[in-house]
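In case you want the letters, here they are:
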Amino acid sequence: MELHKKRILIVGGYGLVGSNIAHLIRKKYKSTDLILAGRNPKNGEELAKELTNAETAYLNLDEGFQLSLYGAVDLIIIAMEDHKNILREAAISNGIACINITELAEEISPTVILSLHENLSAPIVLAAHWQAGIITLVASQVAARFSQITRVDTAGVYDEKDPVGPLVESQVGSFVSKALLREHGKWQFVDAKSNARTIRLYDQTSIAGYPMSTLDVPSIAAFTGAANIRFDFATGKSIGTNKGLAASHDLYLDIEGVLLSGETVKLRIVISDSKGVSHLTAVGVFLIVEGIFNFDDQNTVQKGGLYLPETIVSTDNIINRLAEFEIDIIEEIS
């Protein structure tokens, strides 16, 4: 299936995350035009040649953003930090679809309020979830097995052997600061360092995780109603490293509640990507791109409005979809 005459601007397009996004789009959709933009476009020229139907472009947000320089753009993917919201505001004012993966939960209010003042004519996707929403998408599918959910603990375990680009590296310092979580039904911003959680890893060792303000927490609350929800960031040995292979990026999803059968359980899902953090993030963005453009129906694009990964990506079969990208899903129940 091809989607013709679509032009996608990937800002940070030749970085680790951006290049992974570009590769995933090109692998399945050969004729979509890709613009790889950043401060040093020469660094992306080899990638553009490899991808075909791709070009590099200069973009330095410190100098502003002139949309007309990039032609008729259908989607802007923001794979770098944009603290002034220049790109998303340009997308909103020009009716262009947009995906942003670089914010924390407390940073989305300017966009939410602006969107309430504007008549959005294209999808604006708030995807500042861990890996652009992968763990939330899986949680949405798994939650359908439950009649009641009391607790959802999620975590991303970063292996220091996993190479990351400047996008992730620049954010690490802000990961452990104030964090949004839900405890006994109450929303709280807490000091992360004072609210560590012990995370049991796949190999039965334990590490300390610290809460972080990803959008996974309010997203999961919205569709589970659980009184206790948190996302923790931790650094430790990945499943890949423990097997003597390349470092993987591992996500942990622990759900407590009552199944539709009436049985009270603790269910664990481990999501492991042997290609690492940048690839897993790119998969999340790719799924959102497909959701925006309805690739199964080339004449339909999602209506304008604010979206989250779980409201624009079908989650009914998401675990099988992830397997298509060689992402392992391991399930434990107790």
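Refer to the structure printed above.
Residues numbered from 1 in each chain as written. Predicted model: local features only at pLDDT ≥ 70, side-chain atom pairs only at ≥ 80, totals over all residues. Heavy atoms only, no water.

**Focus on the pattern of salt bridges**
Item 1. Summed over all chains, the structure comprises 13 salt bridges.
Item 2. Between Arg145 and Glu331 there is a salt bridge, with the nearest N and O atoms lying 2.9 Å from each other. Residue Arg145 is located in the loop between helix H5 (134–143) and strand E7 (146–158), and its partner Glu331 is located in strand E16 (residues 327–333); the two are separated by 186 residues in the primary sequence.
Item 3. Of the residues examined, Arg145 reaches a relative accessible area of 31% and is grouped as partly exposed.
Item 4. We classify Glu331 as partly exposed; its relative accessible area is 43%.
Item 5. When salt bridges with common partners are traced through the structure, they connect Lys28, Glu290, Arg321 and Glu324 into a single cluster. (Salt bridge = Lys/Arg side-chain N within 4 Å of Asp/Glu carboxyl O. Helix = DSSP H or I, 4+ residues; strand = E, 2+ residues; numbered from the N terminus. Buried < 20%, exposed > 50% of the residue type's maximum accessible area, 1.4 Å probe, protein only.)

**As for the environment of Leu253**
Item 1. When you line up the elements, Leu253 lands in strand E13 (residues 249–259).
Item 2. Note on Leu253: relative accessible area 0%, which makes it buried.
Item 3. For the pair formed by Leu253 and Val152, sequence separation is 101 residues and the distance between their alpha carbons is 7.2 Å.

**A look at the packing of H5 against helix H7 (residues 216–224)**
Item 1. The contact between H5 and H7 brings their axes to 10 Å, and the two run at 15°. Put simply, H5 runs roughly parallel to H7. Pair H5 / H7 crosses with right-handed handedness. Between H5 and H7, the contacting residues are Ile135, Thr136, Ala139, Ser140 and Ala143 on the first element and Asp216, Ser219, Ile220, Phe223 and Thr224 on the second. (Axes fitted to C-alpha atoms, helices over the stretch in contact; angles between N-to-C directions. Parallel < 35°, antiparallel > 145°, perpendicular 65-115°, else oblique. Left-handed = near helix turned anticlockwise from the far one by under 90°. Contact = heavy atoms within 4.5 Å.)

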